[in-house]
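Close look at the chain arrangement
Residue strings, one per chain:
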Amino acid sequence: MIKKIQKILNKKNRGKIVCLTAYSKNIAEILDKHCDIVLVGDSLGSVLYEMDSTREVNLDMMILHAKSVRRGISKSTFVVDMPYKSFRNKTEAYKNAKKVMKETKCDAIKLEGGKKIFSIVKYLVEKNIPVMGHIGLLPQSQRGKFRYKGRNKIDRKNIFKDAISLEKAGAFSIVIECVEKSLARLISKSVKIPTIGIGASQDCDGQILVTDDLIGLTSNTPRFVKRYLNIRKLFNKSILKYKRDVINRKFPTKKNLY
Ligand code: KIV
């Protein structure tokens, strides 16, 4: 586990860190071949369960999906998101993080927040739980429309302080979500731990996307997503072919029978 965290730390200023999300074993197996980090994000709430907000995701859901993902991971660093209200104080955070680590055998956990969770992150790190931070747009705290962060001086100062706090607390990396690019760049240059951007900057040490967005499974895609595949179109074609084969008695053939 520690080796995998060290590997990510070593990547600072030495090439880019490739990260994606997975919610199940089959996807994780494919990602594991290509990614440095595979994250079970609490985005699964909206992506898989049509929840209005990630606030509805609970620890049991995260553990269930992470156990499936675990089966597809061998070489990449495996990170699991801590859901809303699972880390409100040190005791709660430690109890839940330990449970996630034990049951899913992940390498690290991710927490949303900066300065406000400094003492929690520090405590977890002291207890040998590797922590990835998450600053900028925080879906667990966001009310209303999602807009990029770092629009004014105060906001920029706060986000910068969040990054410094997480580094001081001992986080091994920081996700920077939807932050104005020059600020994300400044943060990436200022901290010694890797930054992972999502709608942030090319100058982050790595990038992350929700895999379902990248392959075109989801329908509403924010500006920061690049679609690499239209899987819905491909999927539709094959299902239609199957349907025709069943109707026209072309499936199953002798080859498929006993
Ligand atoms: O929940 C999630 O998938 C995330 C990533 C988008 C960083 O936090």
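Reading the values: rules and limits
Residues numbered from 1 in each chain as written. Predicted model: local features only at pLDDT ≥ 70, side-chain atom pairs only at ≥ 80, totals over all residues. Helix = DSSP H or I, 4+ residues; strand = E, 2+ residues; numbered from the N terminus. Rg over C-alpha atoms; globule rule 2.2 N^0.38 Å. Buried ≥ 20, exposed ≤ 12 C-beta atoms within 10 Å, placed from the backbone. Contact = placed C-beta atoms within 7 Å. Pairing = 2+ DSSP bridges. Right-handed = clockwise from strand over helix to strand, strands pointing away. Arc of directions from axis to C-beta. Axes fitted to C-alpha atoms, helices over the stretch in contact; angles between N-to-C directions.

Further remarks concern the overall build of the chain. A tally of helices and strands in the chain yields ten helices and eight strands. Relative to its length of 258 residues, the chain is compact, with a C-alpha radius of gyration of 20 Å against a globular reference of 18 Å. Taken along the three principal axes of its C-alpha coordinates, the chain extends 65 × 40 × 35 Å. Counting the 258 residues in the chain, one finds 43% classified as buried. Of the contacts made within the chain by residues no fewer than 6 positions apart, 59% connect residues no fewer than 24 positions apart.

Let us look at the pairing of strand E2 (residues 37–40). Here E2 shows two buried faces, one formed by Ile37 and Leu39 and the other by Val38 and Val40. Pairing of strand E1 (residues 17–21) with E2, which is carried by three bridges, proceeds in the parallel orientation. If you follow leucine 20 over to E2, its bridge partner there is valine 38. Following the chain from E1 across helix H2 (residues 25–32) to the adjacent parallel E2, one finds a crossover that is right-handed. Of the pairings in the sheet, the one linking E2 to strand E3 (residues 77–81) comprises four bridges and is parallel in character. Within the sheet, the bridge partner assigned to isoleucine 37 lies in E3 and is threonine 77.

Attention now goes to unusual backbone geometry. In this structure, the amide linkage connecting phenylalanine 251 to the following residue, proline 252, adopts the cis form with an omega of -5 degrees. Tracing the sequence through the fold places proline 252 in the segment after helix H10 (231–247). Notably, asparagine 128 is not glycine yet its phi reads approximately 65 degrees, a positive angle. You can see asparagine 128 is positioned in the loop between helix H6 (118–126) and strand E5 (131–136). Unusually for a residue other than glycine, cysteine 178 sits at a positive phi of about 45 degrees. Note that cysteine 178 resides in the loop between strand E6 (173–177) and helix H8 (181–190).

Before going further, it helps to examine H2. Taken together, the buried positions of H2 are occupied by Ile27, Ala28 and Leu31. The arc that holds the buried residues of H2, viewed along the axis, is 100 degrees, so those residues lie on one side. Looking at the buried side of H2, the elements it contacts are E1, E2, helix H4 (59–70) and helix H9 (211–214).

Time to look at the sheet that holds E2. The strand order around the closed barrel built from eight strands is E1-E2-E3-E4-E5-E6-E7-E8, with neighbouring strands paired in parallel fashion. On average, each strand axis in the sheet is inclined to that of its neighbour by 25 degrees, with strand direction left out of account. Together, E1, E2, E3, strand E4 (108–110) and E6 form the strand contacts of helix H1 (residues 2–10), whose direction differs from that of E3 by roughly 95 degrees. Sheet strands in contact with H4 are E2 and E3, and its direction is about 150 degrees off that of E2.

Quick look at the environment of serine 53 now. Among the structural elements, serine 53 can be located in the loop between helix H3 (44–49) and H4. Separated by ten residues in the primary sequence, serine 53 and serine 43 place their C-alpha atoms 8.5 Å from one another.

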